[in-house]
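Each chain is listed here by its residues.
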Amino acid sequence: MPEKKVVSIEDRIPKLKQIRKKKANRRLTQYLSILFLLISIVVYLQSPLSHVNKVEIEGNRFVNEDEVKKLSGVTTSTNIWQVDPAEVEDKVSEHSQVMGVNVSRSLPSTIVVEIEEAERIGYIQSDGQFQPILENGEKLDSTGELPGGDAPILKEFSESTYLEEMSKQLKDLPQSISSLISEIHYTPSDENPYLITLYMNDGFEVQASIRTFSEKITAYPSIASQIEEGQRGIIHIDVGAYFEAYPGSEDEEEAEGEEENQEIDLEADEEGEEVDEEQGG
C-alpha cells in the first residue's frame, strides 16, 4: 500500500492567504470601477456635456423653425436625458399648422423634432392679399406674397358656407389633380348656387359644381387628353361631361353650317379610358 503524502496546515496557510488576497483585490477593483463609473455619470449629468447642444427641425416647409423650437421648450440649458419626447410632441402639436410630430434623441447632444405639416389646400384672395387654407380647416394670416403654386387660388368665395364646402372637396383631391388647377372662381347661377369655374394650368376652363367636384374632377386628365391639340374651350363636368369650344376656335372654323357654339360630348368610362364624342348642331 503506497504511502500518502501529508501536507501540513502550515504549508497550506500561505497559499490560502494568497488566494484570498487576490479575491479581495479583484473585488476592490470591481467596487472602485463601479464607484468611478457612478461618479463619472453624476459629473456628466451635472456638466454642460449632457446639455442639448442642438435642436433639429425636420419636415417643415412653411412652419417657422423658431416657432417649433419655442413650443418644444427645449433649450441649450436643458439636460438631454430630462427631455420627455412625448411631452415635447404634445407641445409642438399645439401649432395650428402641425398635424403630426415625432421627437427623438440623437446622441450625444441633439434633439430631433420631425413634423408633418398640414397641407395647404388653397389660398383665398382678397384685396391683393392671400390667406392660406389648411386641410384641417385652419385659416392663416393673410400675406401679400404670391402663392408658390402648391395649391389653387380661390376667388369670390365671400360666403363661408360655400368656402367650407369647397375646402372639404379640395381636401379629398389627390395632389396629382390639385396641382393641375391654377384658380377656382365661385360663379353661381340661378339654377345652381354651387357652380364654380376652374382655370387649369394647361389653359382649359372647367365648370363644375362644388358638391360633386372632388368626384368628377378626377376624370379631367382623361377628358383633356381627348381634345384635339390647339383647341381651347370650357370642359363642363357639372352635369354630364362635355367640351364647349371657345368662339373662333379651330374646331368652329372647320365646321361649316353648324351653330356658333359647337359642343362635343365627352363621356369617360369608369377607368377614364374611353371617351365618346358627339357633335351637336
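Residues numbered from 1 in each chain as written. Predicted model: local features only at pLDDT ≥ 70, side-chain atom pairs only at ≥ 80, totals over all residues. Heavy atoms only, no water.

K.L.:
Sorry, what's going on with the side chain of Glu-183 here?
P.N.:
Relative to the helices and strands, Glu-183 resides in strand β7 (residues 181–186). Side chain to side chain, Glu-183 and His-185 meet in a polar contact 2.7 Å long. Those residues within four positions of Glu-183 in sequence are excluded, and the remaining contacts are Ile-153, Lys-155, Thr-197, Leu-198 and Tyr-199. (Helix = DSSP H or I, 4+ residues; strand = E, 2+ residues; numbered from the N terminus. Polar contact = N/O pair within 3.5 Å; in protein donor to acceptor, adjacent residues only side chain to side chain. Contact = heavy atoms within 4.5 Å.)

K.L.:
Any chance you could explain the packing of aromatic side chains here in plain terms?
P.N.:
Two numbers describe a pair of aromatic rings. These are the distance of the centres and the angle of the planes. The final tally for this structure, using the stated rule, is four aromatic pairs. With a centroid separation of 5.4 Å and 35° between ring planes, the pair formed by Phe-157 and Tyr-186 is classed as tilted. Placement of the pair is Phe-157 in the loop between β6 (153–155) and α4 (160–171) and Tyr-186 in strand β7, with a sequence separation of 29 residues. On the accessibility criterion, Tyr-186 (11% relative accessible area) is buried. A cation over an aromatic ring shows up here: Arg-120 above the ring of Phe-62, its NZ or CZ 3.7 Å from the ring centre. Across the ring face of Phe-204, the terminal group of Arg-232 is positioned such that the distance to the ring centre comes to 4.8 Å. (Phe/Tyr/Trp six-rings, centres within 6.5 Å; stacked < 30°, edge-to-face > 60°. Buried < 20%, exposed > 50% of the residue type's maximum accessible area, 1.4 Å probe, protein only. Lys NZ or Arg CZ within 6 Å of the ring centre and 35° of its normal.)

K.L.:
Hey, could you run me through the confidence of the model for the protein in this one?
P.N.:
Averaged over all residues, the pLDDT of the protein is 81; the fraction at 70 or higher stands at 79%. The least confident element of the protein, judged by mean pLDDT, is strand β15 (residues 279–280) at 38; the most confident is strand β8 (residues 195–200) at 96. With pLDDT under 50 throughout, residues 251–264 is counted as low confidence; its partners more than four residues away or in other chains account for 31 contacts. Contacts of residues 268–281 to residues separated by more than four positions or lying in other chains number 27 contacts, the stretch itself having pLDDT below 50. (pLDDT = per-residue confidence, 0-100.)

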